[in-house]
Amino acid sequence: DTVYHEGYRIDRLTFAGRDISEYAIEYPAAAGRGMRFAVSELQSKLKEACGAELSASEGITKKARAIEFRHSTDAEL
């Protein structure tokens, strides 16, 4: 069994000065199983940590407050 404390572990989480609940998650249409799993894990961990339920959608829209998952061709990563 896993035991958790009462309430969320983080009272408030901000990203670039904004509350995390103002953000949405976006991923490319060609996302594979691994990327979709990463999106799901991010959603789950944020919900567990602070109660924020971020929506996730296929396609990059360039919203002002979006967490974008994308592939990189940067060899240094």
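Read on for an overview of the structure. This structure is a prediction, so every number in the text was calculated from the model and none was measured.

**Let's talk about the overall build of the chain**
Secondary structure summary: the chain contains one helix and five strands in total. In the chain, the succession of helices and strands from N to C terminus is β-β-β-α-β-β. Residues counted as buried form 25% of the 77 residues belonging to the chain. Sequence-distant contacts in the chain: of pairs separated by 6 or more residues, those separated by 24 or more amount to 70%. As presented, the chain carries roughly 6000 Å² of accessible surface, and 49% of it is formed by carbon and sulfur atoms.

**Brief notes about the environment of Glu 58**
Take Glu 58: it is sitting in strand E4 (residues 56-58). Given the relative accessible area of 47%, Glu 58 is considered partly exposed. With 28 residues separating them in the primary sequence, Glu 58 and Ala 30 have C-alpha atoms 8.7 Å apart. Residues within four places of Glu 58 in sequence aside, it is in contact with Tyr 27, Pro 28, Ala 29 and Arg 36. Within the structure, the side chain of Glu 58 is placed 2.8 Å from the side chain of Arg 36, a separation counted as a polar contact.

**A look at the side chain of Glu 26**
The residue Glu 26 is located in strand E3 (residues 24-27) in this model. For the buried Glu 26, which has no salt bridge, the nearest side chain bearing the opposite charge is Lys 63, at an N-O separation of 4.0 Å. Among the polar contacts made by the side chain of Glu 26, one reaches the side chain of Thr 61 at a distance of 2.3 Å. In this structure Glu 26 touches Ser 57, Gly 59, Ile 60, Thr 61, Lys 62, Lys 63, Ala 66, Ile 67, Glu 68 and Phe 69, once residues within four positions along its chain are discounted.

**Overview of the pattern of salt bridges**
Under the counting rule described, the total for this entry stands at six salt bridges. The salt bridge partner of Glu 22 is Arg 65, with a shortest N-O separation of 3.1 Å. Separated by 43 residues along the polypeptide, Glu 22 in the loop between strand E2 (18-19) and E3 and Arg 65 in the loop between E4 and strand E5 (66-68) bring together distant segments of the chain. For Glu 22, a relative accessible area of 40% puts it in the partly exposed group. In this structure Arg 65 comes out as partly exposed when scored by relative accessible area, which is 28%.

**Notes on the nonpolar core**
Formed by 13 residues in total, the largest nonpolar core has its most connected members in Ile 20, Ile 25, Tyr 27, Leu 54, Ile 67 and Phe 69. Counting only elements with at least two residues in this core, the list comes to E3 and helix H1 (33-50). Looking at this core element by element, the count peaks at four residues for H1. For Ile 67, the residues in contact, after removing those within four places along its chain, are Ile 20, Tyr 23, Ala 24, Ile 25, Glu 26, Leu 42 and Leu 54.

Definitions and limits used
Residues numbered from 1 in each chain as written. Predicted model: local features only at pLDDT ≥ 70, side-chain atom pairs only at ≥ 80, totals over all residues. Heavy atoms only, no water. Helix = DSSP H or I, 4+ residues; strand = E, 2+ residues; numbered from the N terminus. Buried < 20%, exposed > 50% of the residue type's maximum accessible area, 1.4 Å probe, protein only. Contact = heavy atoms within 4.5 Å. Areas by Shrake-Rupley, 256 points an atom, 1.4 Å probe, with all protein chains shown as cover. Polar contact = N/O pair within 3.5 Å; in protein donor to acceptor, adjacent residues only side chain to side chain. Lys, Arg positive; Asp, Glu negative; His and termini not counted. Salt bridge = Lys/Arg side-chain N within 4 Å of Asp/Glu carboxyl O. Core = buried A, V, L, I, M, F, W, Y, C linked by side-chain atoms within 4.5 Å.

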